[in-house]
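Residue-level structural notes
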Amino acid sequence: FEEPYFEMLDAYFDNNEDEILEACPRITGVIQVGGHIGQEINTFLNKLNGKRMIIFEPDKDSYDQIPDNPHVIKVNSAVGNYNGNAMLNIASNGQSSSLLLPKVHLIEHPWVHFIGQKQVNIVRLDDWIKANNIHEYNFLSIDAQGYELEILLGSSDLLKSIDYIMCEINYKELYSNCPHVQQIDSYLHNYGFTRIKTVWCDDAGWGDGLYVKNIIT
C-alpha cells in the first residue's frame, strides 16, 4: 500500500510543527497546486494558521470531492508553464496521476496502475493570479508528481511575493524527465529560497522539501 501523500504530510507537520511554524511565522494565504480531494485543508488552515487557500486540482473526479469552505477557492485546472490543454495520465489511486508518463514509479509502486488519459485545462500561475487579481498569498504548496519545475517556471512573478514553498521533490526519475531535487534547489535559489527541511518517503525516491526565502545558511 502506497503511503498517501496527505498522511505523510500530516505526520511531517505533527513531528515538526513548532520548527515549521517558527520558519513560517506569518502565512497570509496558501496556494496549493495538486489538491486532490482537499485532504490538506485542515493542515494548512489550522496547523499552519493559514488565512485562506486556493486549491488547483486538474482531475474533475477528485476536484468534485474537495469540500466547500468559505476560506477556500477551488480551481479545476492543472498548472504549468503555458495556458491551454494537457493530457493527464490517470493513476488508479488518484494521487499519482501526472502530466508526465510514469517511469521508476512503476517499479517503486507496482500496485499503482495507470489506467488511461484525460484532457485537462492547464494555466500559468502568473497569468491566473493576474487575471483574478489575487493578492496576499505567500505560501505555495506543490504536489504535481514530477511536474514541479514546469509549475515554478510559470510562476516567476508570483515567486517574488512568496515567502514559503512546500514542494514535492525527487532523487529518482519516478516520472519521465521529472526534475531531480538539485534542479528544484537551483531554480529556487535564484529567487532567494533555501531548502531548510526535507522528509523522504523511505527509499522510494520522492519526498517533500520546505523552502524559505532569504534564509542564510
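As the structure is a computational prediction, the values presented were derived from the model and not from experiment.

For the rest of this paragraph, the subject is the sheet that holds strand E4 (residues 78-80). Judged by pairing direction, the sheet is mixed, and its three strands sit side by side in the order E4-E6-E5 without closing on themselves. Only two strands of the sheet have a single partner each, and these edge strands are E4 and strand E5 (84-91). Taken pair by pair, the neighbouring strands of this sheet meet at an average axis angle of 45°, ignoring direction. Bridge count between E4 and strand E6 (residues 114-124): three bridges; the pairing is parallel. Bridge pairing links Gly80 to Arg124 in E6.

The next thing to look at is the layout of surface pockets. In this structure, the largest pocket occupies an estimated 240 Å³ of space. If you go around the largest pocket, you meet 15 residues; those closest to its centre are Ile129, Ile134, Asp157, Leu158 and Ser161. Counting residues per element, the lining of the largest pocket draws most heavily on helix H5 (residues 125-131), at four residues. Here the lining of the largest pocket is composed, by residue class, of five nonpolar, four polar and six charged.

A separate point is empty space enclosed by the protein. Where empty space is left becomes clear once a probe the size of a water molecule has been rolled over the atoms. Overall, the coordinates contain two cavities of 30 Å³ or more when judged by the stated rule. For the largest cavity, the calculated volume is near 310 Å³. For the largest cavity, the lining is made up of 28 residues, of which Gly34, Glu57, Pro58, Ser97 and Asp143 are closest to its centre. Those elements that provide at least two residues to the lining of the largest cavity are helix H1 (5-23), strand E1 (30-33) and E4.

Any two side chains of opposite charge can pair, so long as their charged atoms come close to each other. Tallied over the entire structure, the rule returns 12 salt bridges. Across the pair Arg26 and Asp163 runs a salt bridge, and its minimum N-O distance is 3.1 Å. One end of the pair, Arg26, is in the loop between H1 and E1; the other, Asp163, is in the loop between helix H6 (148-153) and strand E8 (164-170), with 137 residues separating them in the sequence. Taking relative accessible area as the criterion, Asp163 reaches 16% and is therefore assigned buried. A salt bridge links Lys74 to Asp68; the nearest nitrogen and oxygen atoms lie 2.6 Å apart. Residue Lys74 is classed as partly exposed on the basis of its relative accessible area, which comes to 25%. A relative accessible area of 68% means that Asp68 is categorised as exposed. A single network of salt bridges, built from pairs that share partners, joins Asp59, Asp61 and Lys118.

Burial along strand E2 (residues 53-56) is two-sided: Met53 and Ile55 and Ile54 and Phe56, pointing in opposite directions, are all buried. Bridging between E1 and E2 involves four bridges; their strand directions are parallel. Note on E2: the bridge partner recorded for Gln32 is Ile55. With helix H2 (residues 41-47) bridging E1 and the parallel E2, this β-α-β connection has right-handed handedness. Across four bridges, E2 lies against strand E3 (residues 72-75) in parallel orientation. Its bridge partner being in E3, Ile54 is matched across the sheet by Ile73.

Conventions we followed
Residues numbered from 1 in each chain as written. Predicted model: local features only at pLDDT ≥ 70, side-chain atom pairs only at ≥ 80, totals over all residues. Heavy atoms only, no water. Pairing = 2+ DSSP bridges. Helix = DSSP H or I, 4+ residues; strand = E, 2+ residues; numbered from the N terminus. Axes fitted to C-alpha atoms, helices over the stretch in contact; angles between N-to-C directions. 1 Å grid on protein atoms, 1.4 Å probe; cavity = no way out; pocket = protein on both sides within 12 Å on 5 of 7 lines; lining within 4 Å. Points joined across faces, edges and corners; volume = space filled by probe spheres on them. Nonpolar A, V, L, I, M, F, W, Y, C, P; charged D, E, K, R; others polar. Salt bridge = Lys/Arg side-chain N within 4 Å of Asp/Glu carboxyl O. Buried < 20%, exposed > 50% of the residue type's maximum accessible area, 1.4 Å probe, protein only. Right-handed = clockwise from strand over helix to strand, strands pointing away.

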